[in-house]
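Understanding the architecture of this molecule
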Amino acid sequence: MESFLFTVNALVPTFAIVILGYILKRCGLFTKEFLNVANKLCFRVALPCLLFKNISQFGIEGFLKGPYIIFAAVCIIIIVVLLMLFIPKIVSDRRKCGSMVQGIFRSNYIILGIPIVANMFGEEHMASASALVPISIIVFNFLAVMVLSYFSREKDVNAFSWDMVKNIITNPLIIASLIGVIYEMLPVKLPNILYKPISDLASIATPLALLTVGGQFEFKTVISNKKELSIAVIGRLIVVPLIFLSIAIMLGYKGADLAPLIVLFGGPTAVSSYVMAKDMDCDSDLAAQIIIFTTLFSMASLFGWVFLLKGMNYL
């Protein structure tokens with residue numbers, strides 16, 4: 001019950017900001033022009049600052065936990081490959097395919113992973129949870145750029161073409177992640193007079209992204225996207241964690257090593273997936289709906305996974 005209440009407390013405030021964004025749009029305070037500008041500000045300024053801050057905060061010591069992060073990274077790559085093969089066979093609209101693939105493989109680990117594991121096992125057992133932060137930032141963002149660039153085209157393109165490579169290396173989130181890693185390797189650190197503005201901009205990234213998700217939401221598009229939305233929600237919250245948590249258990253992961261993987265594989269879709277889908281010309285309406293509904297239903301699904309694995313003595 002305690003884990004359930006914590007999960008509710010972690011997710012309901014997130015959902016409340018999304019609802020606020022929708023209400024502000026209905027009241028006329030959020031115009032279409034404002035949402036477009038806010039989306040660009042979030043994607044090109046606030047989110048890069050957040051990624052830089054996260055990497056500088058948690059460091060890159062997690063890369064020393066080699067087998068664990070390699071397992072997580074390989075699983076994410078396998079999920080993406082399978083989705084890129086499967087989704088286009090059941091959905092003809094390529095822009096929807098991009099949003100679906102991203103919505104299924106990309107979890108909100110950065111926001112939920114650390115606090116959920118800390119609540120379950122305490123601050124003294126955070127090594128594995130912290131180790132996944134830098135690798136999830138880099139892998140999620142790199143693959144998201146690749147997937148969205150690929151499906152934003154009207155037809156199949158070479159994944160190693162110059163256009164694809166350029167989209168990846170010039171993406172603000174990729175650049176911020178690389179700068180964060182390089183910064184952590186340097187012997188000197190930014191003075192507070194420079195680091196503080198970056199930290200302040202980072203603090204607006206998540207609420208701004210959530211507000212734009214709510215402002216973008218349209219109930220009429222849910223009906224037209226019900227097939228795609230259902231597949232994405234079930235895939236994100238049930239199919240992916242069922243398969244890859246089972247593999248993790250077979251490899252011997254349990255307790256404080258298994259708990260972060262529950263959020264990585266079974267948590268709601270990352271808020272930044274909407275911002276990226278919007279900026280990279282995939283179906284942003286569908287991306288927003290996937291975020292909202294995976295966030296809503298994950299309150300039940302996360303409780304279910306924690307309850308099940310606890311009952312089987314894996315946690």
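Heads up: these notes are all about the structure in this document. Note that this is a predicted model, so its numbers are computed, not measured. (Residues numbered from 1 in each chain as written. Predicted model: local features only at pLDDT ≥ 70, side-chain atom pairs only at ≥ 80, totals over all residues. Heavy atoms only, no water.)

1. Digging into the pattern of salt bridges
Enumeration according to the criterion identifies five salt bridges in this entry. Ionic pairing is found between Asp-281 and Arg-95, a salt bridge with its closest N-O pair at 3.8 Å. You can see Asp-281 sitting in the loop between helix H14 (272–279) and helix H15 (284–311) and its partner Arg-95 sitting in helix H4 (residues 94–105), a full 186 residues away along the chain. Across the pair Asp-283 and Lys-96 runs a salt bridge, and its minimum N-O distance is 3.0 Å. With Asp-283 in the loop between H14 and H15 and Lys-96 in helix H4, this residue pair connects regions lying 187 residues apart in the sequence. The two residues Asp-283 and Lys-96 agree in class, both being buried. (Salt bridge = Lys/Arg side-chain N within 4 Å of Asp/Glu carboxyl O. Helix = DSSP H or I, 4+ residues; strand = E, 2+ residues; numbered from the N terminus. Buried < 20%, exposed > 50% of the residue type's maximum accessible area, 1.4 Å probe, protein only.)

2. A few points about the packing of H4 against helix H12 (residues 226–250)
Where H4 contacts H12, the axes come no closer than 8 Å and their chain directions differ by 20 degrees. The angle between H4 and H12 places the two elements in the roughly parallel class. Helix-helix and strand crossings are classified by hand; for H4 and H12 the assignment is right-handed. Across the interface between the two elements, Lys-96, Met-100, Gly-103, Ile-104 and Phe-105 of H4 pack against Glu-228, Ile-231, Ala-232, Gly-235, Arg-236 and Val-240 of H12. Here the contact of H4 with H12 is composed, by residue class, of six nonpolar, two polar and three charged. (Axes fitted to C-alpha atoms, helices over the stretch in contact; angles between N-to-C directions. Parallel < 35°, antiparallel > 145°, perpendicular 65-115°, else oblique. Left-handed = near helix turned anticlockwise from the far one by under 90°. Contact = heavy atoms within 4.5 Å. Nonpolar A, V, L, I, M, F, W, Y, C, P; charged D, E, K, R; others polar.)

3. A few points about helix H10 (residues 205–216)
Spanning 12 residues, H10 covers 16 Å between terminal C-alpha atoms, matching the ideal 16 Å at 1.5 Å per step. Within H10, 10 of the 12 residues are buried, leaving the element largely enclosed by the surrounding structure. Inspection of H10 places Ala-205, Leu-208, Ala-209, Leu-210, Leu-211, Thr-212, Val-213, Gly-214, Gly-215 and Gln-216 among the buried residues, and these make up the whole buried set. (Expected span 1.5 Å × (residues − 1).)

4. Observations concerning the side chain of Asp-283
The class of Asp-283 is buried, set by a relative accessible area of 8%. Those residues in contact with Asp-283, other than ones at most four positions away along the chain, are Arg-95, Lys-96, Ser-99 and Ala-277.

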